[in-house]
Amino acid sequence: MNAMADSYVTEDGRTIGGVLMDLREITLRFGGVEAIKNISFDIREGEIRAIIGPNGAGKSSMLNVISGFYKPQEGEVYFRGALRPAMKPYQVARQGIARTFQNIALFEGMTVLDNIMTGRLNYMKAGIIKQAIWKGAAEREEIENRAHVERVIDFLDIQAIRKTPVGRLPYGLKKRVELARALAADPKLLLLDEPMAGMNVEEKEDMSRFILDVNDEFGTTIALIEHDMGVVMDLSDRVVVMDYGRKIGDGTPDEVRGNQEVIDAYLGVAHD
Amino acid sequence: MSTDFLYLVEVLINGLMAGVMYSLVALGFVLIFKASGIFNYAQGVMALFAALTLAGIMEGQVPFAHIINAILGTNIHHFGWHVPAVLAILMTIVVMVGFAWGVQRFVFRHLVGQEPIILFMATIGLAYFLEGVGDLMWGSDIKTLALGLPQGGSRWLEDMTVGWGGDDFYGFYIDKLDMVATIVAILLVASLIAFSQYTKHGRAMRAVADDHQAALSVGISLNFIWILVWSLAGFVALVAGIMWGAKSGVQFSLSMIALKALPVLMLGGFTSIPGAIVGGLIIGMGEKLFEYTVGSLVGGATENWFAYVLALLFLVFRPQGLFGERIIERV
């Protein structure tokens with residue numbers, strides 16, 4: 001399945017495990033347009049995997065296939081060693097795949113705390129009757145999950161805005177709250193859709209640090225999309241490069257940087 | 001205290017009680033509108049249908065007796081038993097949940113992502129369909145709801161207050177049923193708010209109301225939440241149906257109370273539960289007060305139009321209602 005050894009240790013001492021998600025020969029069409037053309041790659045446990053490419057390369061489509069928002073016409077998705085049947089996005093989320101969105105999808109009318117608590121919904125098992133009566137198990141669950149959420153809030157340094165309605169926050173903080181909500185779910189795979197889009201340099205540095213810390217402290221596997229190549233190269237263990245729906249490069253940042261096709265794509269060399 | 005002032009107070013109290021009834025209906029609209037953006041024209045018919053079903057079950061009526069008799073040539077009408085009120089209410093709730101599931105499964109699941117006007121048209125269709133089904137199932141005759149709710153004015157309150165005014169003041173006349181309705185409405189709203197604020201499903205409901213995509217990404221099934229919301233709206237409809245039905249009998253004109261809820265929504269805003277309550281109270285009080293003070297000058301019957309004119313004024317000066325979300329268009 002994968003040429004590399006089952007697990008290895010990186011230079012900075014993190015352990016990268018076996019294949020967590022394997023995408024095989026994925027093709028996605030919108031009408032006559034092929035957004036993704038026969039792409040295969042895998043994501044290994046514990047790594048930061050980036051998908052990069054110029055605008056319109058099909059990166060977001062790829063992320064939407066992984067999170068179940070789009071259904072590919074061809075190809076197979078293997079998650080934790082098993083073939084994933086056709087699933088709705090909420091079912092994919094319940095399998096332990098959390099995500100953020102390019103254009104931020106938060107619950108604007110709810111507080112930061114409530115937003116992040118929604119990330120814990122799938123850990124709350126008390127049924128609807130039990131919930132309505134609000135006793136015993138339901139109460140205990142709420143407290144446990146609340147404690148977990150508070151840890152995420154501390155980790156991302158957003159204690160000061162816990163009770164603020166999300167709609168009032170500036171853009172950079174919204175991005176952070178969205179990350180917090182995804183993290184609260186304790187995901188096995190965390191998908192970040194352009195986590196640094198629209199940020200200033202300082203905010204980008206903050207976000208980079210958070211991504212590295214999340215990966216380091218919780219061992220969370222992260223797949224992220226960026227079109228800013230510089231940021232990605234510093235962050236990720238391996239990079240997939242897409243252009244016009246095709247995969248044109250796959251490997252460590254250094255390998256990808258030296259790839260002629262990748263250089264052409266980014267410099268805008270005409271296609272044959 | 002002067003007699004005139006005391007009568008004014010009585011009018012206001014009665015207005016508040018009438019307003020509670022309007023609030024009950026408006027509440028059902030707000031629940032569905034918030035979570036799915038659907039303006040449910042069928043809310044009034046749902047109240048009628050719930051009340052019909054409750055009355056039918058209690059009297060031991062055979063559902064669809066007309067069709068059964070026509071096809072099989074039999075002549076059955078009643079099972080011959082009477083179901084106790086509590087059990088009948090539980091059974092009606094089951095029917096309303098089944099209705100919610102059916103609506104989601106057979107109508108709105110196929111209309112996801114359609115224009116609001118299409119969804120609205122679908123609810124108009126739903127309203128007439130449900131009215132027809134109600135007629136077929138339970139017949140079109142006026143039924144009484146024998147729930148044992150107190151009726152008539154409260155003698156106790158009259159006796160208590162009779163000494164307050166002069167010789168021509170006979171004490172406050174307040175309908176006991178209105179008082180029960182008020183208490184029930186307060187309990188209902190308190191439990192709805194507690195449900196949406198403090199439970200898992202309530203949180204999921206608010207999440208869906210806010211952003212569908214984000215809700216999906218944290219593992220919330222939109223389908224489930226919509227069934228839940230329609231069930232809650234069905235339950236609110238049942239409560240409204242019981243109260244209105246107990247007051248004026250279960251008859252098909254009951255479905256028209258939906259129209260009275262419209263001005264309430266204009267005042268309170270379509271997305272606010274407290275708004276529905278306050279809006280209902282203002283309309284109830286306003287129309288009674290207006291009738292009492294101005295009514296005699298313009299020939300009376302102002303209650304028929306007062307609410308709509310007030311709503312029109314709100315539309316002009318504060319289109320989002322008292323508590324609705326501000327409409328801000330960013331350019």
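Residues numbered from 1 in each chain as written. Chains lettered and ligands numbered in written order. Predicted model: local features only at pLDDT ≥ 70, side-chain atom pairs only at ≥ 80, totals over all residues.

Basically, it comes down to this: UniProt positions are given in the numbering used here, feature names are shortened, and annotations may be inferred rather than shown by experiment.
An unreviewed UniProt entry lists chain B under the name Branched-chain amino acid transport system permease protein, with Yoonia maritima given as the organism. Turning to chain B, the UniProt annotation filed under Subcellular location (unreviewed entry) states: "Cell membrane". According to its UniProt record, chain B has this under Sequence similarities (unreviewed entry): "Belongs to the binding-protein-dependent transport system permease family. LivHM subfamily."

The name an unreviewed UniProt entry gives chain A is Branched-chain amino acid transport system ATP-binding protein, with Yoonia maritima as the organism.

## Brief notes about the overall build of chain B
The condition is simple: In DSSP terms, a helix is any run of H or I states spanning at least four residues, a strand is any run of E spanning at least two, and both are numbered starting from the N terminus. As defined in this context, the radius of gyration uses C-alpha atoms, and a globule is described by 2.2 Å times the residue total to the power 0.38. Between the buried cut of 20 or more and the exposed cut of 12 or fewer other C-beta atoms within 10 Å of a residue's own C-beta lies the partly exposed class, and all C-beta atoms are placed from the backbone.
Across its full length, chain B carries 13 helices and zero strands. For chain B, the α and β elements follow one another from N to C terminus as α-α-α-α-α-α-α-α-α-α-α-α-α. For chain B, whose C-alpha radius of gyration is 21 Å, the value lies close to the compact-globule estimate of 20 Å for 331 residues. Projected onto its principal axes, the C-alpha positions of chain B cover 70 × 65 × 40 Å. Counting over 331 residues, chain B shows a buried share of 44%.

## Observations regarding the UniProt feature "transmembrane region" (unreviewed entry) in chain B
Per the UniProt record, "transmembrane region" (unreviewed entry) is found at residues 12–33, 45–67, 79–99, 111–130, 179–199, 220–244, 264–285 and 297–317 of chain B. Across residues 111–130 of chain B, the secondary structure splits into 75% helix and 0% strand, with the terminal C-alpha atoms separated by 19 Å.

## Some thoughts on the environment of B:Ala51
All names here are of chain B. For clarity, the threshold we go by: We call two residues in contact when the distance between their C-beta atoms, placed using the backbone, is within 7 Å.
Within the secondary structure layout, Ala51 lies in helix α2 (residues 43–58). Separated by 93 residues in the primary sequence, Ala51 and Thr144 have C-alpha atoms spaced 9.6 Å apart. In this structure Ala51 touches Leu145, Gly241, Ile242, Gly245, Val250 and Leu254, once residues within four positions along its chain are discounted.

## Focus: helix α11 (residues 257–268) of chain B
Residue and element names in this part refer to chain B. As a reminder, the rule being used: Helix span, expected: 1.5 Å multiplied by one less than the number of residues in the helix.
For α11, spanning 12 residues, the distance from its first C-alpha to its last is 17 Å, which sits close to the expected 16 Å at 1.5 Å a residue. Within α11, 10 of the 12 residues are buried, which leaves it mostly tucked inside the rest of the structure. Buried within α11 we find Ile257, Ala258, Lys260, Ala261, Pro263, Val264, Leu265, Met266, Leu267 and Gly268. On its buried face, α11 sits against α1 (3–36), α2, α10 (222–248), α12 (273–293) and α13 (306–317). Taken from the residues just after α11, Gly269 is the one with a positive phi, measuring 90 degrees.

## Quick word on the sheet that holds strand β7 (residues 82–83) of chain A
Residue and element names in this part refer to chain A. Cut-off, in case you're wondering: Between any two strands, at least two bridges found by DSSP are needed for them to pair.
A sheet is described by the order of its strands in space; here four strands give the open sequence β4-β3-β6-β7, paired in antiparallel fashion. Both outer strands of the open sheet, β4 (33–44) and β7, are each paired with one neighbouring strand and no more. By the bridge criterion, two bridges tie strand β6 (residues 74–79) to β7 in an arrangement that is antiparallel. By the bridge assignment, Tyr78 is partnered in β7 with Leu83.

## What to know about unusual backbone geometry
Residues and elements named next belong to chain A. A positive phi angle, near 50 degrees, is found at Asn38, a position not held by glycine. Looking at where Asn38 falls in the secondary structure, it is placed in strand β4. Residue Asn38 is classed as partly exposed on the basis of its C-beta count, with 14 C-beta atoms lying within 10 Å.

## Digging into the nonpolar core
Applied cut-off: Any set of buried Ala, Val, Leu, Ile, Met, Phe, Trp, Tyr and Cys residues joined through C-beta atoms within 7 Å is what this text calls a nonpolar core. Delimitation of the domains relies on an automatic or database domain assignment.
By size, the foremost hydrophobic cluster in this structure holds 164 residues, and its most contacted members are B:Ala47, B:Ala51, B:Ile220 and B:Val229. Sorting elements by how many residues they give to this core places α10(B) first, with 19 residues. In this structure, this core is formed jointly by two domains, domain 1 (1–86 + 189–207 + 221–272) and domain 2 (104–186) of chain A, each of which donates at least three residues.

## Considering α13(B)
All names here are of chain B. Note the cut-off: Each direction from the helix axis to a C-beta atom contributes to the arc, which is the arc of those directions.
End to end, α13 covers 17 Å across 12 residues, agreeing with the expected 16 Å (1.5 Å per residue, within 8%). Those residues of α13 not exposed but buried are Phe306, Ala307, Leu310 and Phe314. All buried residues of α13 fall inside an arc of 95 degrees around its axis, so they share one side. On the buried face of α13, the contacting elements are α11 and α12.

## Considering the interface of chain B and chain A
This is how the line gets drawn: Three residue categories are used. Nonpolar comprises Ala, Val, Leu, Ile, Met, Phe, Trp, Tyr, Cys and Pro, charged comprises Asp, Glu, Lys and Arg, and polar comprises the others, including Gly.
Tallying the contact residues gives 19 residues for chain B and 27 residues for chain A. Contributing elements (two or more residues each) for the side of chain B that touches chain A: α7 (176–198), α8 (200–210) and α9 (212–217) of chain B. Ranked by residues supplied to the side of chain B that touches chain A, first place goes to α8(B) with seven residues. When the residues that make up the side of chain B that touches chain A are grouped by side-chain class, the tally is eight nonpolar, six polar and five charged.

## Quick notes on the domain arrangement of chain A
Residue and element names in this part refer to chain A. Annotation of chain A at the domain level lists domain 1 (1–86 + 189–207 + 221–272) and domain 2 (104–186). Using C-alpha coordinates to define each centre, domain 1 is positioned 28 Å away from domain 2. Domain 1 puts six residues into the contact, and the matching count from domain 2 is five residues. Classifying every residue of the side of domain 1 that touches domain 2 by side-chain character gives four nonpolar, one polar and one charged.

## Some words on the packing of helix α4 (residues 85–106) of chain B against α10(B)
Residue and element names in this part refer to chain B. Keep this limit in mind: For helices, the fitted line uses only the C-alpha atoms of the stretch in contact; every axis is such a line through C-alpha atoms, and the angle between N-to-C directions lies from 0 to 180 degrees. Note on terminology: angles under 35 degrees are roughly parallel, angles over 145 are roughly antiparallel, angles of 65 to 115 are roughly perpendicular, and the others are oblique. Handedness of a crossing is defined here by the sense of rotation of the near helix relative to the far one, left-handed for an anticlockwise turn of less than a right angle and right-handed for a clockwise turn.
At a minimum axis distance of 8 Å, the contact between α4 and α10 shows a crossing angle of 140 degrees. Classified by the interaxial angle, the pair formed by α4 and α10 is oblique. When you trace α4 past α10, the crossing you get is right-handed. Contact with α4, carried on its side by Thr92, Ile93, Met96, Val97, Phe99, Ala100, Trp101, Val103 and Gln104, involves Asn223, Trp226, Ile227, Trp230, Ser231, Gly234, Phe235 and Leu238 of α10 and no other residues of that element. Among the residues making up the contact of α4 with α10, the classes are represented as 12 nonpolar, five polar and no charged.

## Details of the sheet that holds strand β9 (residues 189–193) of chain A
Residues and elements named next belong to chain A. Strand order in the open sheet formed by six strands is β8-β9-β10-β5-β11-β12, with mixed pairing between adjacent strands. Lying at the two open borders of the sheet, with one neighbouring strand each, are β8 (97–99) and β12 (246–251). In this sheet, adjacent strand axes meet at a mean angle of 15 degrees when their direction is disregarded. The pairing of strand β5 (residues 48–52) with strand β10 (residues 221–226) spans five bridges and is classified as parallel. Across the sheet, residue Ala50 finds its bridge partner in β10, namely Leu224.

## Considerations on the environment of B:Phe323
Residues and elements named next belong to chain B. If you trace the backbone, Phe323 turns up in the segment after α13. Residues Phe323 and Gly268, spaced 55 residues apart in sequence, show a C-alpha to C-alpha distance of 5.8 Å. Residues within four places of Phe323 in sequence aside, it is in contact with Gly268, Gly269, Ser272, Pro274 and Gly275.

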